[in-house]
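Secondary and tertiary structure notes
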Amino acid sequence: GQNIDQPTEMTATEGAIVQINCTYQTSGFNGLFWYQQHAGEAPTFLSYNVLDGLEEKGRFSSFLSRSKGYSYLLLKELQMKDSASYLCAVRDKAPQAGTALIFGKGTTLSVSS
Amino acid sequence: EAGVVQSPRYKIIEKKQPVAFWCNPISGHNTLYWYRQNLGQGPELLIRYENEEAVDDSQLPKDRFSAERLKGVDSTLKIQPAELGDSAVYLCASSRPGEETQYFGPGTRLLVL
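Here is a short report on the structure shown in this document. Remember, predicted model here, so these are calculated numbers, not experimental data.

1. Here's the deal with unusual backbone geometry
Residue and element names in this part refer to chain B. A cis amide bond links Ser 7 to the next residue, Pro 8, at an omega of -10°. Mapped onto the elements of the fold, Pro 8 is located in the loop between β1 (5–7) and β2 (10–13). Residue Pro 81 follows Gln 80 across a cis peptide bond; omega there is -5°. With respect to the secondary-structure elements, Pro 81 resides in the loop between β8 (75–79) and β9 (88–95). Here the phi dihedral of Lys 16 falls at roughly 80°; this positive angle occurs in a residue that is not glycine. In this fold, Lys 16 is placed in the loop between β2 and β3 (19–24). Taking the relative accessible area as the measure of exposure, Lys 16 reaches 64% and is therefore exposed. Even without being a glycine, Asn 51 presents a positive backbone phi close to 55°. Within the fold, Asn 51 resides in the loop between β5 (44–50) and β6 (53–56). A residue is classified by how much of its surface remains accessible, and Asn 51, at 34% relative accessible area, is partly exposed.

Criteria and cut-off values
- Residues numbered from 1 in each chain as written.
- Chains lettered and ligands numbered in written order.
- Predicted model: local features only at pLDDT ≥ 70, side-chain atom pairs only at ≥ 80, totals over all residues.
- Heavy atoms only, no water.
- Helix = DSSP H or I, 4+ residues; strand = E, 2+ residues; numbered from the N terminus.
- Buried < 20%, exposed > 50% of the residue type's maximum accessible area, 1.4 Å probe, protein only.

Below, the structure is given as structure tokens:
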């Protein structure tokens, strides 16, 4: 079966660093995505990993280990606006345009001052 | 560029009534997805279109749900009759051939009473 696990909730303070972990067990693997979703809004794309290693984009970085079925999203210099749900998603089928994603339940991050 | 447009944003209906949602994808995006997101969960795929063809509708409850994408642009998702358990956010997303990222619309929040 398909299974994607991430913590339900996390809290952190402004200026800190937080790491959101995601483990997956899927029938195949062709890429892992992280999306940010503010309450009542659409998910917005943050990062994409298909090879092992770290992808850095500003304050956000994402890491992937395919052998361990593991990824994390690292948020640095946290700001209040980073309070949102962070969704881990895996594409399990062949890398062709338009293949749907399998989402985890999301991690709700609360940033306090 | 304009994002994915969905309407209505909110809909409240009584059970057994029909309801329809509309989506206009980003211009040039051939692939269109309908996802359903229950409270506290990640989005789950209902149907995926490549142009006007439904290429993955295995998760669509076909006894009450239907979808169409005439002319390969706009799409409608219909539920008839609606049940209490259909209360959720219905998200539309689109992607461009050869690109990994899916872009989501703001969603339609459905409440069935």
